[in-house]
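Listed here are the chains, written in short residue letters.
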Amino acid sequence: MRETLFNWLGQWLDGLACLDLFAGSGALGFEAASRGAARVVMVESDAAAFQALEEFRALVGARTVELVRGDALEYLKRSRERFDVVFLDPPFRQNALPAVFRLLKGAEGTRVYVESSEPFAPGAPWQELKSARAGQVSYQLFQWRSDDQGGLPRNV
């Protein structure tokens with residue numbers, strides 16, 4: 001799935017700001033950093049997972065990676081930042097995606113990668129660009145489209 005994701009995003013993320021909101025192992029965030037992302041913020045609430053992220057960041061010398069220990073939804077409520085790419089892989093049982101998308105601050109071109117047990121439909125202004133399924137995991141790529149006209153045809 002990771003290979004497909006970075007094929008969708010493009011092999012290089014030079015200069016982009018990325019958010020790995022439910023970082024876990026940090027695989028997506030560290031991959032983004034290795035592909036040239038200017039900044040990667042990883043948010044993780046679990047103490048053991050956070051410590052592992054700190055250790056791995058030090059081991060690989062990932063200077064563009066910023067680690068934040070805390071709740072993902074609280075981070076979104078406090079943050080005023082906008083990111084170019086957001087990785088969302090929350091624990092499936094939390095059903096966090098609706099709340100995350102209500103809080104997520106997008107801008108023209110912001111892309112959000114989602115892994116979940118079932119396909120997710122965040123609604124306007126998010127447009128699905130790609131989707132696939134691997135076993136019991138659905139994964140999708142969305143993009144913020146500020147040209148949404150409330151469902152009206154573009155020629156109105």
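Rules and cut-offs
- For every chain, the first residue of the written sequence is number 1, and numbering continues from 1 along that sequence.
- Restriction of local features to residues with pLDDT of at least 70 applies here, the model being predicted, together with a cutoff of 80 or more for giving and counting side-chain atom pairs; totals for whole chains, interfaces and linings are based on all residues.
- Excluding hydrogens and water, the side-chain figures rest on all heavy atoms present in the structure.
- If DSSP finds at least two bridges between two strands, the strands pair.
- By the criteria applied, helices consist of DSSP H or I runs no shorter than four residues and strands consist of E runs no shorter than two, each listed in order from the N terminus.
- Fitted lines through C-alpha atoms give the axes, limited to the stretch in contact for helices. The angle between two N-to-C directions lies from 0 to 180 degrees.
- Should any heavy atoms of two residues lie within 4.5 Å, those residues are counted as being in contact.
- Each reported salt bridge corresponds to a side-chain nitrogen of Lys or Arg within 4 Å of a carboxyl oxygen of Asp or Glu.
- Only protein chains enter the area calculation, which uses a 1.4 Å probe; residues under 20% of their type maximum are buried, those over 50% are exposed, and those in between are partly exposed.

> Which parts of the structure should I look at to understand the sheet that holds strand E5 (residues 111-116)?
Two pairing modes exist for strands in a sheet, parallel and antiparallel, and in both the strands are linked by backbone hydrogen bonds. The seven strands are arranged E3-E2-E1-E4-E5-E7-E6 in an open sheet whose pairing can be described as mixed. Strands with a single pairing partner mark the edges of an open sheet, and in this sheet they are strand E3 (65-69) and strand E6 (126-134). Within the sheet, the average angular offset between the axes of one strand and its neighbour, ignoring direction, is 15 degrees. For strand E2 (residues 39-44) and E3, the ladder comprises five bridges, and the chain directions are parallel. Bridging across to E3, Val41 finds its partner in Glu66. Across the face of the sheet, helix H2 (residues 27-34) comes into contact with strand E1 (17-20), E2, E3, strand E4 (85-88) and E5 while running at roughly 170 degrees to E2. Helix H3 (residues 47-60) rests against E2 and E3 of the sheet, and its axis sits at about 160 degrees to E3.

> What's the story with the pattern of salt bridges in this structure? I'm lost.
Two side chains that carry opposite charge are able to pair once their charged atoms sit near each other. With the rule as written, the count across this model stands at four salt bridges. Here Arg35 ties to Glu31 by a salt bridge, and the two come within 2.8 Å at their closest N and O atoms. Measuring nitrogen to oxygen at the nearest pair gives 2.5 Å for the salt bridge that ties Glu66 to Arg39. One end of the pair, Glu66, is in strand E3; the other, Arg39, is in strand E2, with 27 residues separating them in the sequence. Exposure remark for Glu66: the relative accessible area of 32% places this residue in the partly exposed category. The exposure class of Arg39 is partly exposed, given its relative accessible area of 26%. A network of salt bridges, in which partner residues are shared, links Arg39, Glu66 and Glu81.

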